[in-house]
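Okay, here's what each chain looks like letter by letter:
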Amino acid sequence: MSEQDRTFLIEAHQGNLAEIRAGRLAESKATTASLRQLGTRLIKDHTKLDTKVRQVAKEVGVQLPREPTKQQQSSLKQVSGLSGTNFNRAWVHMQQIAHRRTLAAVNKELSSGSSEPVKKVAQQAKPIIQEHLALLKQQQASMSPRPRTSTPTARPTH
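Residues numbered from 1 in each chain as written. Predicted model: local features only at pLDDT ≥ 70, side-chain atom pairs only at ≥ 80, totals over all residues. Heavy atoms only, no water.

Asks: Mind laying out the overall build of the chain, listing which residues take part and the relevant values?
Replies: The helix and strand tally for the chain stands at five helices and zero strands. Against the compact-globule benchmark of 15 Å for 158 residues, the chain has a radius of gyration of 20 Å, which places it well outside the compact range. Principal axes of the C-alpha set define a box for the chain whose edges measure 85 × 30 × 25 Å. The buried share of the chain, reckoned over its 158 residues, is 39%. Counting only contacts in the chain whose residues sit at least 6 apart along the sequence, the fraction spanning at least 24 positions is 79%. When the 25 positive and 12 negative side-chain charges of the chain are each reduced to one mean point, those points stand 11 Å apart. (Helix = DSSP H or I, 4+ residues; strand = E, 2+ residues; numbered from the N terminus. Rg over C-alpha atoms; globule rule 2.2 N^0.38 Å. Buried < 20%, exposed > 50% of the residue type's maximum accessible area, 1.4 Å probe, protein only. Contact = heavy atoms within 4.5 Å. Lys, Arg positive; Asp, Glu negative; His and termini not counted. Charge placed at Lys NZ, Arg CZ, Asp CG, Glu CD.)

Below, the structure is given as structure tokens:
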């Protein structure tokens with residue numbers, strides 16, 4: 001078991017724990033149905049992903065932490081203190097950052113990992129993380145202020 005494989009399992013597990021908490025937060029605080037549904041989707045997908053991570057970690061003898069990282073916990077706490085559209089925007093932003101980091105970790109594992117079971121976990125996670133990023137991008141686009149259509153102004157006649 002390489003240090004890369006061990007690190008990936010730990011980071012993936014903590015990421016999944018954070019995403020499950022973030023999903024619950026969206027279910028309870030988001031002001032749009034689509035964002036609440038995305039929260040539910042994150043819970044479902046990251047629970048499944050984490051089951052695989054925990055199974056492989058047990059097989060290869062990697063001890064997993066019980067909590068997300070301090071930074072993840074801090075981000076969740078900060079966003080949970082917001083409400084309304086401020087919450088929605090901050091939550092989507094936080095999730096985009098988290099999923100980009102996860103995708104980078106997945107790609108690093110796929111290129112540098114040495115354990116086939118761990119690489120398989122990364123391979124299975126990759127399309128799910130990419131799909132989450134696409135869904136988050138759609139959410140962000142739907143929240144952006146709509147460009148105002150310019151109304152022709154009356155020109156003074158001389």
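That was the structure; now back to the text.
Asks: Tell me about the environment of T31, and please be specific about residues and values.
Replies: Residue position: T31 is located in the loop between α1 (3–29) and α2 (33–60). Through-space distance from the C-alpha of T31 to that of N86 is 9.9 Å; in sequence the pair is 55 residues apart. Each residue touching T31, except ones within four places of it in the same chain, is listed here: R36, G84 and N88. A polar atom in the side chain of T31 sits 2.5 Å from the side chain of N88. (Polar contact = N/O pair within 3.5 Å; in protein donor to acceptor, adjacent residues only side chain to side chain.)

Asks: Before we move on, could you go through the layout of surface pockets and cite the residues and values that matter?
Replies: Taken as a whole, the largest pocket spans an internal volume of roughly 650 Å³. Contributing to the lining of the largest pocket are 34 residues, with G15, Q72, A98, R101 and T102 lying nearest its centre. For the lining of the largest pocket, the secondary-structure elements that each account for two or more residues are α1, α2, α3 (70–80), α4 (84–112) and α5 (116–143). Taken together, the residues of the lining of the largest pocket break down into 18 nonpolar, twelve polar and four charged. (1 Å grid on protein atoms, 1.4 Å probe; cavity = no way out; pocket = protein on both sides within 12 Å on 5 of 7 lines; lining within 4 Å. Points joined across faces, edges and corners; volume = space filled by probe spheres on them. Nonpolar A, V, L, I, M, F, W, Y, C, P; charged D, E, K, R; others polar.)

Asks: Can you tell me about the nonpolar core, naming the residues and giving the values?
Replies: Among the nonpolar cores identified, the biggest contains 18 residues, and F8, L9, V53 and L64 are the most heavily contacted of them. Elements supplying a minimum of two residues to this core: α1, α2, α4 and α5. For this core, the element with the highest residue contribution is α5, accounting for six residues. If near-sequence neighbours (up to four positions away) are discounted, L9 is found in contact with V53, V56, A57, V60, V62, L64 and V118. Core analysis: the second largest hydrophobic core is formed by 17 residues, L25, L76, M94 and M143 among them. (Core = buried A, V, L, I, M, F, W, Y, C linked by side-chain atoms within 4.5 Å.)

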